[in-house]
Amino acid sequence: MKLSIVIVNYNVEHFLEQCLFSVRKAIVGIEAEVFVVDNNSVDGSLKMLAEKFPEVKVIANKDNVGFSRANNQAIRISIGEYVLLLNPDTVVEDDTFVKTIEFMDSHPDAGGLGVKMVDGKGRFLPESKRGLPTPATAFYKMFGLTKLFPHSKRFAHYYMGHLDNDEINEVEILAGAFMLMRRETLDKCGLLDETFFMYGEDIDLSYRITLAGYKNYYYPKTRIIHYKGESTKKTSVNYVLVFYKAMEIFVKKHFANKGAKTFSFFINIAIYFKAFLALLSQFFSKAVQPLLDASLGYAGLSIISYLWGNVMVYEGSGSYPMTLFAIILPVYLLIWLVTSYFCGGYDKPYKIAPAVGGVFIGSLLILIFYALLPESLRFSRALILFGMIWISMEMSLTRWIGYIFNRPNFQYGKNAKKRFLVIGTEEETTRVKQLLQSTSIKPDFIGLITPNESNETPDDFLGNLHQVPDIIEIYKINEIIFCSKDISHQLIIDKMEEWHSSLDYKIAPQDTLSIIGSNSINTRGDLYTVDIKTINTNSNRRKKRLFDIISSTLGIMLWIFLIFFIQKPFSFLKNCFKVLWGKYSWIGYCNTDISKLPKIKKGIFDPSTSMSKIGLTDEEKEQLNLVYARDYSLSKDINIFMRALRKN
C-alpha cells in the first residue's frame, strides 16, 4: 500500500462529501486507502459515507475524542508507506497525490511535506508554510509584528514570509490541513501528541520530525483549497484560548530550559488581552450599526426638537422640558430601532428598504402610543413626522455610504441579488441550475458557461471559459459555480486565482444535492442545498419570535375571557409565560429525530397537532418536520396555533 489518507470529521457533512469526491479522483492509479474518523457527528455524515463512499474505512467514535487521538486511531491500523493527514474542509487537485508522492520518493531526507493552500476565493493562505514558534516568534505574532512586516525574516518567521510562495523550500512546520509523512518517520518520532486536543499538534509533530533527523518541505507545485482559513477564527474567544494554550503547552514541552516560565507569563497576558479584543470584535461586529443609528438618530432628534420648540412652540423664549429629551425621545427611538430590526433592517447584508420600512411601521405605533399618553407628555405630532424623516434619512445614508465604500455587509439595490455563472456541460449545468432555483436564495440571474475554450457553444450558453472575464463585467456576475464532474480541480483553482478575488466561488460535486464554497467553514449562508430550511433564515426566525411574543402577551391579557373557550386555561396561561420568557416556542418539531434540521426552540405544539397522533409513524413525523422547516411561513404557525387552541 503506497498511501494511507486519514480524515477526521466532526459535523461537516457537505465539506467532507466534497473532499472525498476530490480524493476519489486523485487516488486513481495509486494504491491507497482512505480512513474517515468521525468524532460523534450528528449531521448525517455517517449515513452519507455509507451511501456514497462505501470504499472508505470508517471509524465511528461515540464521543468527540479530539483531533490528535482520532488521527492516531486510523494511523495505527493503516498500512501505507506514506500517511496523509487531511482536513475534511479541503479540495485536492487531481494530481496532488501523484506529485507529492513522487517528490517524497525522490527526496529520502523528507520526513513531511505540505502544499500550497488557497482559500475559497483563491487567495494564498500564509499558514501553508510556517516557522517554529519559538518564544520570540510567538511574541512577534501575538503582538502583531508579523502582520506589520509580512516579508521580514525575523518578524514574519511564523509564516516564513521571506520565502517565495511559489518555490519549493525546506520549512520548519507543516499545516495540519495537509500533512504528508513517511511512515518510517512516524515510527521514529512517534504519532500525534494527544495532550493537544485541537491546534498545536501539527506544530509539535513537525518539530519532532526534524528532531528525528528528517526535513519538512513546502511543495507549491500542487495546491489545495482550504475553506477554513486560519484568519476566519481569529475573532473567536474559544480560538484564542485553545490556540494560545496549545502554544504554551508546546513551549513548555520543548523549550523548558529556554525561558519557558517567562514566556508562559507573557503568553497568558496575551491570551487574556486577545480574548478581550475578540469579545470587543464580536460585540462591535453585531452592534456597530445599531449603535451608530441610535447615536446619530438621538442627536438628530434632539437638535430637531430643540429647534422646533425654540422657534415654533416657545417662539425664542425657551424649548421643550427635559422630560422630552430624557424619556420620550429615547422611547420613540427605541420603537423605531426595534420595528426596523423586526423588518430586517439589521439583517446582514444591511439594506435600505427594510430599515426604512421598519421606521414607517414604528411611526404608526408611535402615533398610537402618542394618543394614549397624558396631555402633559404629548409634545407635538410634528416631532414624530420630523423624527421619522430624520431616522429614515440617517439609516439610508449610513447604509449607502457603507455600500459606496465597499464595506462588508452592505448592499444596495440589485447588488443584493445573486447573479450566477455555472460552468460545466449541458447535463451538469442544467442540474445545478435546477438546484439553485429550488433553494430559497431566489437567483436574479443564472448564466451557463461551457468548459471548452472552443468557439462553439451550446444553445442557451453565454460562452466558454476564455470569455468569462468579459461575461463577468457585462452581466455583473458576483458568484461562479464550477461543476467538478466536468472540470478538473487544477483548472478550478487556476481560474479562482486568475479571476476577480471579489467574486464568490463554489463547487458543485457530481451526484450530490449541495453546492459548497466559502472563505470559512462557519459561513453557513454560503452552503446551498436543495432542501434549504427556510425556517432558519433571519427573517423567519424573527417572525417566529415576534409571533410568540405577541400571541403570549395577548393570551395573558385576554386570559380571563379565553377561559370560556379553552379546555385547559391554567395550562395555557402557564405556557404563555414559558413562551414569553423564550424557553419554548408555540410551534416546534414533532417528537422524533431532528438532528439534521435547523435548531429551534422546543414547541408547546407541533405540526401534527390537528392529526391523530395515535399510529403516526416516526417516518411520517420526520416528513412533517421536513415540510414545516423547508416551507415555513408565519401563517403555518398561526394555523397550527389556532387548531391547537380549539383542540386543547
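Being a predicted model, the structure only gives us computed values, none of them experimental. (Residues numbered from 1 in each chain as written. Predicted model: local features only at pLDDT ≥ 70, side-chain atom pairs only at ≥ 80, totals over all residues. Heavy atoms only, no water.)

Another aspect to go through is the pattern of salt bridges. Applying the stated rule across the entire model yields 27 salt bridges. As a salt-bridge pair, K2 and E81 come within 3.0 Å of each other at their nearest N and O atoms. Of this pair, K2 sits in the segment before β1 (3–9) while E81 sits in the loop between α3 (67–77) and β4 (82–86); the two residues are 79 residues apart in sequence, bridging distant segments of the chain. Judged by relative accessible area, K2 falls into the partly exposed class, the value being 24%. (Salt bridge = Lys/Arg side-chain N within 4 Å of Asp/Glu carboxyl O. Helix = DSSP H or I, 4+ residues; strand = E, 2+ residues; numbered from the N terminus. Buried < 20%, exposed > 50% of the residue type's maximum accessible area, 1.4 Å probe, protein only.)

Another point: the packing of helix α11 (residues 322–342) against helix α13 (residues 381–404). Interaxial distance between α11 and α13 falls to 11 Å at its minimum, and their mutual angle equals 50°. For the element pair α11 / α13, the angle class is oblique. Classified by chirality, the crossing of α13 by α11 is right-handed. Only L383, I384, G387, M388, I391 and M395 of α13 make contact with α11, whose side of the interface consists of L324, Y332, L333, W336, L337 and S340. Among the residues making up the contact of α11 with α13, the classes are represented as 10 nonpolar, two polar and no charged. (Axes fitted to C-alpha atoms, helices over the stretch in contact; angles between N-to-C directions. Parallel < 35°, antiparallel > 145°, perpendicular 65-115°, else oblique. Left-handed = near helix turned anticlockwise from the far one by under 90°. Contact = heavy atoms within 4.5 Å. Nonpolar A, V, L, I, M, F, W, Y, C, P; charged D, E, K, R; others polar.)

A few words on the side chain of S552. Relative to the elements of secondary structure, S552 occurs in helix α17 (residues 538–557). The residues contacting S552, other than those within four sequence positions of it, are C576, V579, L580 and W586.

Okay, helix α8 (residues 201–211) next. Most of α8 sits out of view: nine of its 11 residues are buried. Within α8, the full set of buried residues consists of E201, D202, I203, D204, L205, S206, Y207, R208 and I209. Directly beyond the C-terminal end of α8, a positive phi value near 100° is found at G213.

On to the sheet that holds strand β10 (residues 419–423). Within the open sheet, the five strands sit side by side as β12-β11-β10-β13-β14. Their pairing is parallel. Across the chains shown, the open sheet's two edge strands, defined by having one partner strand only, are β12 (463–464) and β14 (504–508). Strand direction decides the pairing type here: strand β13 (residues 479–483) and β14, joined by five bridges, are parallel. Pairing of F482 across the sheet is with I507, part of β14. This element, helix α14 (residues 426–437), spans β10, β11 (445–450), β13 and β14 of the sheet and lies at about 165° to β11. (Pairing = 2+ DSSP bridges.)

Counting 37 residues, the largest nonpolar core has L3, I5, L20, V23, L86, F97 and F178 as the members making the most contacts within it. Broken down by element, the residue count for this core peaks at six residues, all from helix α1 (residues 13–26). Ignoring anything within four residues of it in the chain, the contact list for F178 reads L84, L85, L86, T96, F97, T100, L113, G114, V115 and I224. Listed in part, the 26 residues of the second largest apolar core include F445, I472, I477 and W499. (Core = buried A, V, L, I, M, F, W, Y, C linked by side-chain atoms within 4.5 Å.)

With that settled, the discussion passes to the pairing of β1. Buried residues dominate β1, accounting for seven of its seven residues. By the alternation rule, side chains of β1 split into L3, I5, I7 and N9 and S4, V6 and V8, which are all buried. Pairing of β1 with β4, which is carried by five bridges, proceeds in the parallel orientation. In the strand pairing of β4, L3 is matched with Y82. Where β1 meets strand β2 (residues 32–39), seven bridges bridge the pair, whose relative direction is parallel. Bridge pairing in β2 links N9 to D38. As for the winding sense of the linkage, the β-α-β connection from β1 through α1 to β2 is right-handed. (Right-handed = clockwise from strand over helix to strand, strands pointing away.)

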